Amino acid sequence: MSSSIISVEQLTYRYAASAATRPALEDVSLAIARGSCTAIVGVTGSGKSTLVQHFNALLRPSAGRVLFAGADLAAADLRAVRRAVGMLFQFPESQLFAPTVLADVMFGPRRAGLSQGDAANRAVEALALVGLPPQQYAMRSPFALSGGQQRRAALAGVLALGPQVLVLDEPTVGLDADGRAEVLHAITAARQARAVTVVLVSHDMAEVAALAEHVVVLYAGRLVAQGAPAAIFADAAALHGWGLAAPPLYELLALLRARGRALPGDIRTLEQAFAALRGR
């Protein structure tokens, strides 16, 4: 079995209305490892959302191809692919509509053909996974929840379909600090419980540093860099050229190293930084 669950090969995509302008994506190649968290970053207009919409064939390449589990999406069963590659778009709470949280989370599984009982079981499991205990939240109106709770209810609706890949487009945008922490915890819980592969689109480099093992940088529709977060964030000049900046922790580590402190290259949290500074 391949270690890559999604492979992108020389992908070019041009929106029909912009045939005279540059492509939205041009000659992009990358691989998403099974079970990983890969972050796709770049300034607005760099092609991030366009790229991830190819991962479950919402968009089709103008040139090149996208493979899921080794199979070309051009010839795939789209219903099966869209169950396997779940997508949570920006502000998904705007799509909540059912009278209860349970009914909303059940909607996807029911549309996929599951029985009422099986869909309910999946919804209950997904709600528990995202930190919304069913006994407390299932019968509540989704419109009575906080912003962070609504976002997690929407995430539960995607998880209830049992995806192998979870694509998250700015999953914490617009939330306060508590809501952001709740959503990030739910994403981590889903990875741990189900070994789901996560693709994270984000402008928040601190969020990327906390979650991702691999970072892909897009600029003007092209892939300009990819690698481990520490390697990407270590090149401040390149980041600046792409309109990005390293998370504050990485800037602090760079300053300490410039002043002669020998620090490991794999530090990702303040706790790890403090431990290294104390010599532990």
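Residues numbered from 1 in each chain as written. Predicted model: local features only at pLDDT ≥ 70, side-chain atom pairs only at ≥ 80, totals over all residues. Heavy atoms only, no water.

K.L.:
Can you walk me through the overall build of the protein in this structure?
P.N.:
When helices and strands are counted, the protein shows 12 helices and 10 strands. Looking at the 280 residues of the protein, the share that counts as buried comes to 49%. Of all intrachain contacts in the protein linking residues separated by at least 6 positions in sequence, the fraction that spans at least 24 positions is 64%. For the protein, the accessible surface area stands at approximately 13,100 Å², while carbon and sulfur atoms represent 55% of it. Positive and negative side-chain charges of the protein, numbering 25 and 21 respectively, have mean locations separated by a distance of 2 Å. (Helix = DSSP H or I, 4+ residues; strand = E, 2+ residues; numbered from the N terminus. Buried < 20%, exposed > 50% of the residue type's maximum accessible area, 1.4 Å probe, protein only. Contact = heavy atoms within 4.5 Å. Areas by Shrake-Rupley, 256 points an atom, 1.4 Å probe, with all protein chains shown as cover. Lys, Arg positive; Asp, Glu negative; His and termini not counted. Charge placed at Lys NZ, Arg CZ, Asp CG, Glu CD.)

K.L.:
Where do I start with helix H4 (residues 116–129) in this structure?
P.N.:
One turn of an α-helix holds 3.6 residues; hence residues three or four places apart share an orientation. Across its 14 residues, H4 extends 20 Å between first and last C-alpha, which sits within 8% of the 20 Å expected from 1.5 Å per residue. Residues Ala119, Ala120, Ala123, Ala126, Leu127 and Leu129 constitute the buried set of H4. Where the residues of H4 are buried, they touch helix H3 (101–111), helix H5 (134–137), helix H6 (147–159) and helix H7 (177–194). (Expected span 1.5 Å × (residues − 1).)

K.L.:
How should the nonpolar core be read in this particular structure?
P.N.:
The nonpolar side chains of soluble globular proteins are, as a tendency, buried together. Leu155, Val208 and Phe233 are the most contacted members of the largest nonpolar core, which has 56 residues in total. The contact partners of Leu155, leaving out residues within four places of it in the chain, are Leu88, Val130, Leu166, Leu168, Ala186 and Ile187. With 29 residues, the next largest nonpolar core counts Val8, Tyr13, Leu25 and Ala84 among its residues. (Core = buried A, V, L, I, M, F, W, Y, C linked by side-chain atoms within 4.5 Å.)

K.L.:
Help me out: how do you make sense of the packing of aromatic side chains in this one?
P.N.:
Each aromatic ring pair is described using two quantities: the centre-to-centre distance and the angle formed by the ring planes. Throughout the structure, instances matching the rule amount to 3 aromatic pairs. Plain terms: the ring middles of Phe97 and Phe107 are 5.0 Å apart, the flat faces sit at 85° to each other, and that makes the pair edge-to-face. Here Phe97, found in the loop between strand E6 (85–88) and H3, pairs with Phe107, found in helix H3; they are 10 residues apart in sequence, far enough to count as distant. (Phe/Tyr/Trp six-rings, centres within 6.5 Å; stacked < 30°, edge-to-face > 60°.)

K.L.:
Just checking my understanding: could you explain the pattern of salt bridges for this structure?
P.N.:
A pair can form between side chains of opposite charge whenever their charged atoms are brought close. Within the structure shown, the criterion is met by 7 salt bridges. Measuring nitrogen to oxygen at the nearest pair gives 2.6 Å for the salt bridge that ties Glu9 to Arg65. With Glu9 in strand E1 (residues 4–13) and Arg65 in strand E4 (residues 63–68), this pair connects stretches of sequence that are 56 residues apart. Under the relative-accessibility criterion, Glu9 is labelled partly exposed at 31%. Classification of Arg65 by relative accessible area gives partly exposed; the value is 35%. (Salt bridge = Lys/Arg side-chain N within 4 Å of Asp/Glu carboxyl O.)

K.L.:
Looking at this structure, how should I read a positive patch on the surface?
P.N.:
Together, Arg79, Arg83, Arg111 and Arg122 line one region of the surface with positive charge. Note that Arg83 resides in helix H2 (residues 78–84). (Patch = residues over 30% accessible without salt bridge, like charges linked within 9 Å, V, L, I, M, F, W, Y side chains within 5 Å.)

K.L.:
It is not clear to me how the packing of H6 against H7 should be interpreted in this structure. Could you clarify?
P.N.:
Axes are the key here: two packed helices are described by the angle between their axes and the distance separating the axes. The contact between H6 and H7 brings their axes to 8 Å, and the two run at 20°. Overall, the two elements H6 and H7 adopt an arrangement that is roughly parallel. Viewed along their axes, H6 and H7 form a crossing whose handedness is right-handed. Within the contact between the two elements, H6 uses Gly148, Gln149, Arg151, Arg152, Leu155 and Leu159 and H7 uses Gly179, Glu182, Val183, Ala186, Ile187, Ala190 and Arg194. (Axes fitted to C-alpha atoms, helices over the stretch in contact; angles between N-to-C directions. Parallel < 35°, antiparallel > 145°, perpendicular 65-115°, else oblique. Left-handed = near helix turned anticlockwise from the far one by under 90°.)

K.L.:
What exactly am I supposed to notice about the pairing of E1 here?
P.N.:
Put simply, side chains in a regular strand alternate between the two faces of the sheet. Buried residues dominate E1, accounting for 8 of its 10 residues. Relative to strand E2 (residues 25–33), E1 runs antiparallel, the two being bridged by 6 bridges. Looking at the pairing, Ser4 lines up with Ala33 of E2. Bridge count between E1 and E4: 5 bridges; the pairing is antiparallel. Looking at E4, one finds that Glu9 is bridged to Arg65. (Pairing = 2+ DSSP bridges.)

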